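Here are the chains, one letter per residue:
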Amino acid sequence: MSRYPTAGLTGATAADLAWLPGSWSGYHGNASIEEYWSTLAGGTLMGMFRLLRDNQIGFYELITLAPEGAFLVMRFKHFHADLIGWEEKDSSLEFVLVHYADGEAVFFERNVPDPRWLIYRREGEDALVVYFEHEGAAVTADDQFIFTRHAGWAM
């Protein structure tokens, strides 16, 4: 039995993740990371991510969190430092919300042979932990993206 569900959670909205908007920064291994989330508009949230290693851009991400029928779906597009996309023009990484409770949102990857869960977990008012988890695989500290919120910033 899986640790998390694999079927989409019905009835959730982007407003359920009202704790996410703002400016977050931190570290992932030896890289510095930033993630910015917009306020709710049109029933959606929009995010941007940047990873820097040795003060050089590793990659960028554009992220949306939007309703799709009865489900809430997070989509990602990745870009190299020169804005050349990783995914094909008409595709994106897609994760459907499968669980939400107490400041933890769990998404399940769609349309891939070896899907992962993506966990966004709020820890206190100003800490956010994000990681991917495969079935049966342990998550280590090295797998986690650890963020701290910047007070007073709004997108």
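Above: the structure in question.
Residues numbered from 1 in each chain as written. Predicted model: local features only at pLDDT ≥ 70, side-chain atom pairs only at ≥ 80, totals over all residues. Heavy atoms only, no water.

Caption draft 1: A look at the layout of surface pockets. Here the largest pocket defines a volume of roughly 240 Å³. Contributing to the lining of the largest pocket are 16 residues, with E61, F76, H78, F132 and F145 lying nearest its centre. Each pocket or cavity is described by its volume, and for the second largest pocket that value is around 170 Å³. In terms of lining residues, the second largest pocket is bounded by E34, Y36, M48, F49, R50, Y60, E61, L62, F79 and L83. Breaking the lining of the second largest pocket down by element, the ones donating at least two residues are strand 2 (31–37), strand 3 (45–53) and strand 4 (56–68). (1 Å grid on protein atoms, 1.4 Å probe; cavity = no way out; pocket = protein on both sides within 12 Å on 5 of 7 lines; lining within 4 Å. Points joined across faces, edges and corners; volume = space filled by probe spheres on them. Helix = DSSP H or I, 4+ residues; strand = E, 2+ residues; numbered from the N terminus.)

Caption draft 2: Examining the side chain of R116 more closely. Here R116 is to be found in the loop between strand 7 (104–110) and strand 8 (117–122). The exposure class of R116 is buried, given its relative accessible area of 19%. The residues contacting R116, other than those within four sequence positions of it, are L93, F95, F107, F108, E109, F132, E133 and H134. (Buried < 20%, exposed > 50% of the residue type's maximum accessible area, 1.4 Å probe, protein only. Contact = heavy atoms within 4.5 Å.)

Caption draft 3: View of the pattern of salt bridges. Scanning the model with the defined rule gives nine salt bridges in all. E68 is the partner of R75 in a salt bridge, and the nearest nitrogen-oxygen pair spans 2.3 Å. Given a relative accessible area of 23%, R75 falls into the partly exposed group. Classification of E68 as partly exposed rests on a relative accessible area of 29%. For E68, the salt bridge is made with R110, and the minimal N-O distance between the two is 2.9 Å. Residue E68 is located in strand 4, and its partner R110 is located in strand 7; the two are separated by 42 residues in the primary sequence. If you follow the salt bridges from partner to partner, you end up with E68, R75, E94 and R110 in one network. (Salt bridge = Lys/Arg side-chain N within 4 Å of Asp/Glu carboxyl O.)

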